[in-house]
Amino acid sequence: MRRIALLLAAALLSAPVLASHCPADMAKIDQILKTDPPADPAVLEQVKKLRVEGEELHKSGDHAESEKVLAQALNLLQSSE
């Protein structure tokens, strides 16, 4: 019984750690947009749209989907360099 309780507690405590990836990605996107935005206005708009969508997904608790959307934004930023 103790092992199950410890496992459950560890799982509950690890959830916020896993969710912390989203804010790091959002900060990275914000920094790139501030220091080296893409020259193509269409790419810039798409990145901004994905950034907002990723934040909304993060706030709603869908961290897996948020990470996917934010990764798309980062890929667009990196491919536009």
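What you see is a predicted model, and the numbers here were worked out from it, not measured in a lab.

> Is there a simple way to think about the overall build of the protein in this case?
Each helix and strand in the protein was counted, giving four helices and zero strands. Each helix and strand of the protein, placed in order from N terminus to C terminus, yields the pattern α-α-α-α. Put simply, of all contacts in the protein between residues at least 6 apart along the chain, 62% involve residues at least 24 apart. Accessible surface, the protein as shown: approximately 5,800 Å² in total, 61% of it carbon and sulfur.

> Which parts of the structure should I look at to understand the nonpolar core?
One finds Ile29, Leu33, Val47, Leu70, Ala73 and Leu77 to be the most contacted residues of the largest nonpolar core, which totals 14 residues. Listed by contribution, the elements that provide at least two residues to this core are helix H2 (21–35), helix H3 (41–60) and helix H4 (63–79). Leu77 has contacts with Ile29, Ile32, Leu33, Pro38 and Val47, leaving out every residue within four places of it along the chain.

> Help me out: how do you make sense of H2 in this one?
An α-helical turn contains 3.6 residues, so any two residues separated by three or four positions project in the same direction. Relative to the 21 Å expected for 15 residues at 1.5 Å per residue, H2 spans 21 Å between its end C-alpha atoms, a close match to the ideal helical length. Within H2, the full set of buried residues consists of Cys22, Asp25, Met26, Ile29, Ile32 and Leu33. Down the axis of H2, the smallest arc covering the buried residues is 125°, so these residues share one side. Within H2, the exposed residues directed more than 90 degrees away from the buried face are Lys34 and Thr35.

Calculation notes
Residues numbered from 1 in each chain as written. Predicted model: local features only at pLDDT ≥ 70, side-chain atom pairs only at ≥ 80, totals over all residues. Heavy atoms only, no water. Helix = DSSP H or I, 4+ residues; strand = E, 2+ residues; numbered from the N terminus. Contact = heavy atoms within 4.5 Å. Areas by Shrake-Rupley, 256 points an atom, 1.4 Å probe, with all protein chains shown as cover. Core = buried A, V, L, I, M, F, W, Y, C linked by side-chain atoms within 4.5 Å. Buried < 20%, exposed > 50% of the residue type's maximum accessible area, 1.4 Å probe, protein only. Expected span 1.5 Å × (residues − 1). Arc of directions from axis to C-beta.

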